[in-house]
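Geometric and topological summary
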Amino acid sequence: MDVKAEIIKNLLYLKEIGLTSIPASEAIKRLLQREISLEEDSLSALKEKVIHCEKCSLHRVRKAVVWGEGPTEPEGLMIISEYPDRDEDFYGKPFVKEVGNLLDRMLNAINLKRELFFITHTVKCKTPGGRPPEPEEIEACRPYLLKQIKYLRPKLILALGFTPPKVLLEGKALTLVRGKVFTLKKTSLFFTYHPAYILKNPGIKRVVWEDLQKFRKLYEEIFLSN
């Protein structure tokens, strides 16, 4: 709920019926003066907004908005994927079934587990037929992803697939940024291929393994060095 909008709507109604003043408690006065944080300025309120989003045409074909899952403590780890597939749309969760199993194996290979990461998508709704999202669909979801990053303040992001660089690196192609480290404010970004792409193109397993080893080293530098 948009608290400010509701307050304004009610104040206008009171004015319409002829009320020229209203009693206000100190708490209400502080709220109106923005001396306390409003409900919408939080990760949980952002989630509520995303779940009911109808900013682009994808809301017509989705079963569920895939918000994400994982720990929400700041300064942790984050995985940013592309967009939900049919199974993720059905279950309302990221990385399920075969794609999820491969992600688990990829992380286990470098002694990490998915439970350490908050996992989300660049685009929160599935696309028709699993096609890549259109630019306007990416733009509709861009503020949501950036606000998730703002609230979570991750120290390290593992970005998977061709869509995340379009938001996080101003449209750069994955082939140009894969295996490299970038910085977004105080967050380190690392890009590689998505597990679904690996399943369709097993010949890239070797380069992904090399990427994962680089990611593990980066993880150690950020979280384990004194």
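Structural notes, computed from the coordinates.

Cut-off values and rules
Residues numbered from 1 in each chain as written. Predicted model: local features only at pLDDT ≥ 70, side-chain atom pairs only at ≥ 80, totals over all residues. Heavy atoms only, no water. Helix = DSSP H or I, 4+ residues; strand = E, 2+ residues; numbered from the N terminus. Contact = heavy atoms within 4.5 Å. Expected span 1.5 Å × (residues − 1). Buried < 20%, exposed > 50% of the residue type's maximum accessible area, 1.4 Å probe, protein only. Arc of directions from axis to C-beta. Phe/Tyr/Trp six-rings, centres within 6.5 Å; stacked < 30°, edge-to-face > 60°. Lys NZ or Arg CZ within 6 Å of the ring centre and 35° of its normal. Pairing = 2+ DSSP bridges. Polar contact = N/O pair within 3.5 Å; in protein donor to acceptor, adjacent residues only side chain to side chain. Axes fitted to C-alpha atoms, helices over the stretch in contact; angles between N-to-C directions.

**Considerations on the environment of Leu224**
Along the polypeptide, Leu224 turns up in helix α10 (residues 205-224). Apart from the residues within four sequence positions on either side, Leu224 is in contact with Arg216 and Tyr219.

**What to know about helix α5 (residues 97-108)**
Along its twelve residues, α5 runs 16 Å from first to last C-alpha, staying within 8% of the 16 Å computed at 1.5 Å per residue. Of the positions making up α5, those classed as buried are Val99, Gly100, Leu102, Leu103, Met106 and Leu107. For α5, the buried positions fall inside an angular range of 160° around the axis, keeping them on one side. Exposed positions of α5 whose direction lies more than 90 degrees from the buried face are Glu98 and Arg105. Where α5 is buried, its residues meet β1 (77-81), β2 (117-121), β3 (156-160), α9 (195-200) and α10.

**Some thoughts on the packing of aromatic side chains**
This model, assessed by the stated rule, comprises nine aromatic pairs. Aromatic side chains Tyr193 and Tyr197 sit 5.2 Å apart centroid to centroid with 15° between the ring planes, which places their arrangement in the stacked category. The exposure class assigned to Tyr193 is buried, which follows from its relative accessible area of 11%. Grouping aromatic residues by their ring pairs yields a cluster made of Phe117, Phe190 and Phe215. In this arrangement the basic side chain of Lys55 is found over the ring face of Tyr144, its NZ or CZ atom lying 4.7 Å from the centre. It is Lys63 that lies over the ring of Phe90; its NZ or CZ is 5.2 Å from the centre.

**Concerning the side chain of Glu137**
Among the secondary structure elements, Glu137 is positioned in helix α6 (residues 135-152). Aside from chain neighbours lying at most four places away, what touches Glu137 is Cys56, Ser57, Leu58, Val123, Thr127 and Arg131.

**Describing the pairing of β3**
Burial of β3 is extensive: five of the five residues sit out of reach of the surface. Across the two faces of β3 the burial is the same, with Leu156, Leu158 and Leu160 and Ile157 and Ala159 all buried. With five bridges joining them, β3 and strand β5 (residues 187-192) adopt parallel strand pairing. Across the sheet, residue Ala159 finds its bridge partner in β5, namely Phe191.

**Focus: the side chain of Thr122**
In this fold, Thr122 is placed in the loop between β2 and α6. Separated by 2.8 Å, the side chain of Thr122 and the backbone oxygen of Ser81 make a polar contact. Setting aside its immediate chain neighbours within four residues, Thr122 contacts Ile80, Ser81, Glu82, Cys141, Leu145, Thr163, Pro164 and Val167.

**Regarding helix α3 (residues 43-51)**
Among the residues of α3, those classed as buried are Leu43, Ala45, Leu46 and Val50. With its buried residues spanning 160° around the axis, α3 presents them on a single face. On its buried face, α3 sits against α6.

**Overview of unusual backbone geometry**
With a phi close to 55°, Phe95 is a non-glycine residue in the positive phi region. Residue position: Phe95 is located in the loop between α4 (86-91) and α5. Given a relative accessible area of 2%, Phe95 falls into the buried group. A positive phi angle, close to 45°, is found at Arg153, a residue other than glycine. Of note, Arg153 is situated in the loop between α6 and β3. Under the relative-accessibility criterion, Arg153 is labelled partly exposed at 45%.

**So, the sheet that holds β3**
With mixed pairing, the five strands of this open sheet are ordered in space as β2-β1-β3-β5-β4. In the strand order of this sheet, the two ends are held by β2 and β4 (181-184), each with one partner. Neighbouring strand axes in the sheet, compared pairwise and without regard to direction, differ in orientation by 25° on average. Sheet topology note: the β1/β2 ladder contains five bridges and is parallel. Its bridge partner being in β2, Met78 is matched across the sheet by Phe118.

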